[in-house]
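Tertiary structure, described
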Amino acid sequence: MKNTSIKKFIEGIPKAELHLHIEGTFEPELMFKIANRNNIVINYESIDELKKAYNFNNLQEFLDIYYAGANVLMEEQDFYDLTWAYLTKVNAQNLAHTEIFFDPQTHTDRGVPFDTVIQGIHNALEDGNEKLGISSQLIMCFLRHLDEASSFKTLEQALPYKKWIAAVGLDSSENGNPLSKFERVFFKAKEEGFLTVAHAGEEGPAEYIWEAINLLNVSRIDHGNRSLDDDQLMKHLAEHQVPLTLCPLSNLELKVVNDLKDYPLLGMMERGLMVTLNSDDPAYFGGYINENYTGVAKALNLSKKQITELAKNSFKASLLSQVEKDKMIQKIENYYHNN
Ligand code: ADE
Ligand code: ZN
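To start, this report covers the structure provided alongside it. (Residues numbered from 1 in each chain as written. Chains lettered and ligands numbered in written order. Predicted model: local features only at pLDDT ≥ 70, side-chain atom pairs only at ≥ 80, totals over all residues. Heavy atoms only, no water.)

1. Digging into the coordination of the zinc ion (ligand 2)
Protein coordination at the zinc ion (ligand 2) comes from His-19 (NE2), His-21 (NE2), His-199 (NE2) and Asp-280 (OD), with a distance range of 2.0 to 2.2 Å. As a motif over one chain, the donors of the zinc ion (ligand 2) read H-x1-H-x177-H-x80-D. One end of the pair, His-21, is in strand E1 (residues 15–21); the other, His-199, is in strand E5 (residues 195–200), with 178 residues separating them in the sequence. The residues His-21 and His-199 share a single accessibility class, namely buried. (Donors = N, O, S within 2.8 Å, 3.2 Å for Na, K, Ca; no water. Helix = DSSP H or I, 4+ residues; strand = E, 2+ residues; numbered from the N terminus. Buried < 20%, exposed > 50% of the residue type's maximum accessible area, 1.4 Å probe, protein only.)

Right, dumping it as structure tokens:
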């Protein structure tokens, strides 16, 4: 093993990202450019003024700004440019595979056709595969602050694009929106052949994580920080190796944790949980995948071995085939031994 610094080690290790909202990669520079070309006025005078507004006390304060930003996306090209910008960014960070959330209702409720949204994102993902060698899957999220009828309508709109969408998910305001509201639409989505994931236990209680498992039959929990409050749940997650997609910088910026030094990662790893690191909404939270790894590595003094385990987990918990997982895990092993 060489004397590579932890930062360099993180930068070079092959990784997958499993929790990333494409609307959350909308950098202010691109936002102003697209707003201009669509003749839409942004409520902020300048890029700097917009960036100053990125100061959140909780999830809802962030979501209000995030949805306002997404309002300038109108054309297929806009969704293409947004997705392509993310892919080029993470290509420079040695991201090999990404599983991307998109929120169709944020756009269809403004009159943007479902086809416009998915076509733009899908075309960029195809180019990402061909030109950058980044493989990807698409996950369609229902917004939990909206009603069940709207989620059923969205599922209906997605059916012609089934081959482009691997799973359905659930995001947006957690408190006051129990997952039980979406039990029936998730059941229908499963019948249609989609896998399921859900945000749970970010701000909401451990009980919501149980609901994600028991009512929505999820393959992964997005966030899941609050699982620590429930010992039985911790046991269940470890025994069944239910992956958690943790997002350290997001949790810091949305005050889910006060300091990365208190991040629950090591406790979860010691208890045998299948944890992964992800960026959530990198344009809003000050860092892409590598900054999330380096942030916790520094705060928790992680070893190369622990970082290697996290990178392996990112593939183990992905929706890739076993053959593809094994190939990437071998690559990571080799990297560990040579760095
Ligand atoms: N939508 C985008 N980011 C989110 C998050 N961290 N939690 C819930 N919904 C979101
Ligand atoms: Zn999220």
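2. Things to note about the nonpolar core
Judged by nonpolar contacts, the single largest core of 110 residues is most densely connected at Phe-102, Leu-265 and Tyr-284. At 7 residues, helix H4 (residues 59–70) tops the list of elements feeding residues into this core. Leave out the neighbours within four places in its chain, and Tyr-284 touches Glu-23, Gly-24, Phe-26, Met-31, Tyr-54, Phe-56, Phe-62, Ile-65, Tyr-66 and Gly-69. Residues Phe-101, Ala-167, Val-197 and Leu-319 belong to the second largest nonpolar core, which totals 7 residues. (Core = buried A, V, L, I, M, F, W, Y, C linked by side-chain atoms within 4.5 Å. Contact = heavy atoms within 4.5 Å.)

3. A closer look at helix H17 (residues 322–338)
With 17 residues, H17 should reach 24 Å at 1.5 Å per residue; the first-to-last C-alpha distance of 24 Å fits that figure. Taken together, the buried positions of H17 are Lys-325, Met-328, Ile-329, Ile-332, Tyr-335 and Tyr-336. Mapping the buried residues of H17 onto a view down its axis gives an arc of 120°, with all of them on the same face. Of the residues in H17, the exposed ones pointing more than 90 degrees away from the buried face are Val-323 and Lys-327. Buried-residue contacts for H17 involve helix H1 (6–12), strand E2 (95–102) and helix H16 (304–316). (Expected span 1.5 Å × (residues − 1). Arc of directions from axis to C-beta.)

4. Quick notes on the site of ligand 1
Taken together, the residues surrounding ligand 1 are His-21, Leu-59, Phe-62, Leu-63, Tyr-66, Asp-171, Ser-172, His-199, Glu-202, His-223, Asp-280 and Asp-281. Residue Ser-172 places a main-chain N or O atom 2.8 Å away from a nitrogen atom belonging to ligand 1. Glu-202 places a polar side-chain atom, nitrogen or oxygen, 2.8 Å from a nitrogen atom of ligand 1. Calculation on ligand 1 without its partners gives an accessible area of 260 Å², and the protein chains cover 100% of this total. In this structure, ligand 1 is accommodated by the largest cavity. Top contributing element to the shell around ligand 1 by residue count: H4, with 4 residues. (Near = heavy atom within 4 Å. Polar contact = N/O pair within 3.5 Å; in protein donor to acceptor, adjacent residues only side chain to side chain. Areas by Shrake-Rupley, 256 points an atom, 1.4 Å probe, with all protein chains shown as cover. 1 Å grid on protein atoms, 1.4 Å probe; cavity = no way out; pocket = protein on both sides within 12 Å on 5 of 7 lines; lining within 4 Å. Sits in = over half its atoms within 2 Å of the grid points.)

5. Focus on the pairing of strand E3 (residues 135–143)
Here E2 pairs with E3 via 6 bridges, running parallel. Bridge pairing in E3 links Phe-101 to Ile-139. Inspection of the sheet shows E3 paired to strand E4 (residues 167–171) by 5 bridges, in the parallel sense. Bridging across to E4, Cys-141 finds its partner in Gly-169. With helix H8 (residues 148–158) bridging E3 and the parallel E4, this β-α-β connection has right-handed handedness. (Pairing = 2+ DSSP bridges. Right-handed = clockwise from strand over helix to strand, strands pointing away.)

6. Some remarks on the sheet that holds E4
What the 8 strands build is an open sheet, ordered E1-E2-E3-E4-E5-E6-E7-E8; its pairing is parallel. Since the sheet does not close on itself, it has two edges, and those belong to E1 and strand E8 (275–277), each with one partner. Within this sheet the neighbouring strands show an average axis-to-axis angle of 25°, counted without direction. Strands E3, E4 and E5 of the sheet are contacted by helix H9 (residues 183–191), whose axis makes an angle of about 165° with E4. (Axes fitted to C-alpha atoms, helices over the stretch in contact; angles between N-to-C directions.)

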